[in-house]
Amino acid sequence: MQWFRNFLPDTNVSLSDRGLAYGDGLFETLSVLHGDVVNLATHQTRLKRGCNRLNFSVDDHLWQKIWLFVGQKAQEYPDSGLKIILTRGSGGRGYLPPDTPNFEFILGVFEKPNYAAMHQVGVSLTTSPINASINRSLAGLKHLNRLENVMAKSCLPASYYEAVLVDANGFIIECIQSNLFWFYKGRLRTAALMTSGVQGSLRSRILAGFDGCIEIGRYTLEDLMLADEIFVCNAMSQIMPVVRFNDKTFPIGPMTKQLMEKINPI
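Residues numbered from 1 in each chain as written. Predicted model: local features only at pLDDT ≥ 70, side-chain atom pairs only at ≥ 80, totals over all residues. Heavy atoms only, no water.

I'm lost on the overall build of the chain in this one. Help?
Within the chain, the secondary structure is distributed over 8 helices and 15 strands. Along the three orthogonal principal directions, the C-alpha set of the chain runs to about 50 × 40 × 35 Å. Within the span of the chain, comprising 266 residues, buried residues form 51% of the whole. Residue pairs at least 24 apart in sequence account for 73% of intrachain contacts in the chain once pairs closer than 6 positions are excluded. (Helix = DSSP H or I, 4+ residues; strand = E, 2+ residues; numbered from the N terminus. Buried < 20%, exposed > 50% of the residue type's maximum accessible area, 1.4 Å probe, protein only. Contact = heavy atoms within 4.5 Å.)

As structure tokens, this is what we get:
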């Protein structure tokens, strides 16, 4: 993996950086295909929205510089993955952030995994023993505080690709590194993320482009077991069909296949 810090090759970060000390920052994971960032506009919108919610007053000049640099690296590494990290930098007293932060922009370039085989045969899904946190103030944000995801990944059995996280009330939120969708009687269902979870870039694209009935709500694991088809998705794997959830098998059904043909890049 190759790293750039503030637009220059670098592998160091300040020990006083607030992203390290407090998770005071955001990140985006981008898929590059033939030199273009897939779903770029959605990533741009989400990162800017996250900065506004965290009171990161990033000026237009820095935004332009960031996206120009991202575009350049996408051209240099035309079929790669890019990870953007934006922190508030160093400074402030304890939790209190500085009045005029010096933002740290970090970009990582990595080899993109090949998911083609899994797209064909599907993957297995289980239930995580780790709960998703309930916090309306952070819900939807792709912030740097990802400890519950680390814990969930650490206890994921090797025979499973992903695990479903529920909140303390037993409502489905998402998977460890993916958003979760399923079809029930022809309707597309996914969890509401008002109190927890990440509003994934591909999730947003699917919701905006699906030509049919969408139901976003508070669902339990029992609701998921009644699904006709299940899939998970994120920016890197795209739409990934699920063929087993715990002890129940599911088909890679026609509606999931149709969405994959529409969304997954060739």
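I tried to follow the sheet that holds strand β3 (residues 25-33) on my own but got confused; where do I start?
Two pairing modes exist for strands in a sheet, parallel and antiparallel, and in both the strands are linked by backbone hydrogen bonds. Reading across the sheet, the 6 strands line up as β2-β1-β6-β5-β3-β4 and stay open at both edges, with antiparallel pairing between neighbours. Of all strands in the sheet, those bounded by a partner on one side alone are β2 (8-9) and β4 (36-37). Summarising the sheet, β3 and strand β5 (residues 80-87) pair through 7 bridges and their orientation is antiparallel. By the bridge assignment for β5, E28 is matched with I84. (Pairing = 2+ DSSP bridges.)

It is not clear to me how empty space enclosed by the protein should be interpreted in this structure. Could you clarify?
Applying the stated rule across the entire model yields 2 cavities of 30 Å³ or more. Quantified by volume, the largest cavity comes out at close to 40 Å³. As for the largest cavity, its lining consists of L26, F27, E28, R46, L47, G50, L141 and K142. Of all the secondary-structure elements, those providing two or more residues to the lining of the largest cavity are β3 and α2 (40-53). The residue makeup of the lining of the largest cavity, split by class, is 4 nonpolar, 1 polar and 3 charged. Approximately 30 Å³ is the volume attributed to the second largest cavity. (1 Å grid on protein atoms, 1.4 Å probe; cavity = no way out; pocket = protein on both sides within 12 Å on 5 of 7 lines; lining within 4 Å. Points joined across faces, edges and corners; volume = space filled by probe spheres on them. Nonpolar A, V, L, I, M, F, W, Y, C, P; charged D, E, K, R; others polar.)

I tried to follow α2 on my own but got confused; where do I start?
One turn of an α-helix holds 3.6 residues; hence residues three or four places apart share an orientation. Between the first and last C-alpha of α2 there are 20 Å, a value that for 14 residues agrees with the 20 Å anticipated at 1.5 Å per step. Elements in contact with the buried residues of α2: β3, α3 (60-76), β5 and α6 (201-209). Just downstream of α2, N55 is the residue with a positive phi angle, here 60 degrees. (Expected span 1.5 Å × (residues − 1).)

Where do I start with the nonpolar core in this structure?
The tendency in soluble globular proteins is for nonpolar side chains to be buried side by side. Membership of the largest hydrophobic core comes to 33 residues, with the highest contact counts inside it found for L125, L180, W182 and I230. Secondary-structure elements contributing two or more residues to this core are β7 (123-127), β8 (162-166), β9 (172-175), β10 (179-184), β13 (229-234) and β14 (238-245). When residues of this core are assigned to their parent elements, the largest contribution, 4 residues, is made by β8. Setting aside chain neighbours within four positions, we find L125 in contact with Y160, E162, A163, V164, C175, L180, I230, V232, V242, R244, F245 and N246. Counting 26 residues, the second-largest nonpolar core is a separate cluster that includes F56, A74, I84 and V109. (Core = buried A, V, L, I, M, F, W, Y, C linked by side-chain atoms within 4.5 Å.)

Is there a simple way to explain the pairing of strand β12 (residues 214-217) in this structure?
If a strand is regular, its side chains alternate between the two faces of the sheet. As paired strands, strand β11 (residues 187-191) and β12 are joined by 4 bridges and run parallel to one another. Within β12, the position partnered with R189 by the bridge is E215. You can see the chain leave β11, run along α6 and come back into β12, and the turn it takes is right-handed. (Right-handed = clockwise from strand over helix to strand, strands pointing away.)

The analysis is restricted to geometry; functional conclusions fall outside its scope.
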